[in-house]
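Below are the chains, spelled out letter by letter.
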Amino acid sequence: MATKTAPAKKAPAKKAAPAAAAKKAVAPAKKEAAPAKKASAPAKKAAPAKAPAKAPAKAPAKKASPAKAPAPAKKAAAPAKKVAPAKAPAKAAPAAKKGGTTGFSYDAAALKQHWARLHAGDGEPFPKGEAALNAWQLFHAGDFKKALDAALKAGAISCANKAQAMYATYVEKSESAKQKAFLEVAKRAEALQAKEPNNPNAWYWQAYALGRYGQSISVVEALSQGLGTKVRQALERAIELQPKHADAHIALGAFHAEVIDKVGKLLARGQGADARIGLQLFEAAQKLVPHSAIAMIERANGLVMIEGERRMAEAEALYKAAAECMPMDAAERFDVELAKSELEDE
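My aim in this report is to walk through the structure given alongside it, one point at a time. None of these values were measured; they are calculated from a predicted model. (Residues numbered from 1 in each chain as written. Predicted model: local features only at pLDDT ≥ 70, side-chain atom pairs only at ≥ 80, totals over all residues. Heavy atoms only, no water.)

Points about the overall build of the protein
When helices and strands are counted, the protein shows 13 helices and zero strands. For the protein, the N- to C-terminal ordering of α and β elements is α-α-α-α-α-α-α-α-α-α-α-α-α. Out of the 346 residues in the protein, the part that is buried amounts to 66%. On the protein, roughly 11,700 Å² of surface is accessible, and the fraction owed to carbon and sulfur atoms is 53%. (Helix = DSSP H or I, 4+ residues; strand = E, 2+ residues; numbered from the N terminus. Buried < 20%, exposed > 50% of the residue type's maximum accessible area, 1.4 Å probe, protein only. Areas by Shrake-Rupley, 256 points an atom, 1.4 Å probe, with all protein chains shown as cover.)

Overview of the packing of helix 2 (residues 130-141) against helix 3 (residues 144-154)
Contact geometry of helix 2 with helix 3 gives a least axis separation of 8 Å together with a crossing angle of 165°. Classified by the angle their axes make, helix 2 and helix 3 are roughly antiparallel. When the axes of helix 2 and helix 3 are compared, the crossing they make is left-handed. Residue-level inspection shows Ala 131, Ala 132, Asn 134, Ala 135, Leu 138 and Phe 139 of helix 2 in contact with helix 3, the latter providing Phe 144, Lys 146, Ala 147, Ala 150, Ala 151 and Ala 154. Within the contact of helix 2 with helix 3, the residues separate by chemical class into 10 nonpolar, one polar and one charged. (Axes fitted to C-alpha atoms, helices over the stretch in contact; angles between N-to-C directions. Parallel < 35°, antiparallel > 145°, perpendicular 65-115°, else oblique. Left-handed = near helix turned anticlockwise from the far one by under 90°. Contact = heavy atoms within 4.5 Å. Nonpolar A, V, L, I, M, F, W, Y, C, P; charged D, E, K, R; others polar.)

Some points on the side chain of Ser 158
Within the secondary structure, Ser 158 is located in helix 4 (residues 157-170). Looking at Ser 158, the relative accessible area reads 7%, which means it is buried. Apart from the residues lying within four places of it in its own chain, the contact partners of Ser 158 are Glu 124, Trp 136, Leu 192, Asn 199, Asn 201 and Trp 205.

Shown next as structure tokens:
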């Protein structure tokens, strides 16, 4: 899944995340059990949502005022503008049962069989050891909190970071609790960089978490604190280490789109954001993970944030395609449900 990749806002739609990503920077609702997510259908432009990380915004709808991400971001009316990383749902995902599963139960053999597809977005290697494997099984089933605890005990830091980031993005309702969770993920990821400097997901999850945190305090404030530069550099490093890291492409594309949406194309250059590069990143991500709902959602949001209403029809088509994707785990289901809810709210 495009991990549900790097930090940003939500898709264009009516607005209220950072996929992100990112299977997962660019720009989410709350998760665990039955995934149900995303904001309303494509609306008209509104003010951008949150900053960066694999985050979801609202579907492009008809014109409104500018409002993931990328993630794990909030969305505005029209094509919600996104902040950095990838995925960030605009509105709370439909009732996710805390501690419950979502029907995606993989035994060891099944998880190994589907691992490449499940981690096409982040390229995470198959876990070594039964404890780490169990943590990932809990994650894919949607038991994010249990997965976090199990991963920390097993020393599976990337699993712990992904589980906590997804819980904060899709399930947690308290804004202060979300911020705390994202900062914890960023801190763990930075520590992992010191131990494993060539681990692309150590850089990706730092960017995703800082992007989502930045969205929660406002993109402009995040940029003034220098978070934008940290997010961009971490995502560029992740892609340098793993050129096919789709989630990092999504999150970095969301970063470019969010900054442009917030401060304009001219001033955005001072933050290292460029419209052409942003569009290329979204396109590359979708080619890497053509089955990814979050890749479609983030690209839809990015098209409208960067190029405006003239790309609205294309953005709406991407939301419709995202709503028809077949999820392979709980996090992917949240993305699909987000796209559906956006279209229903249109």
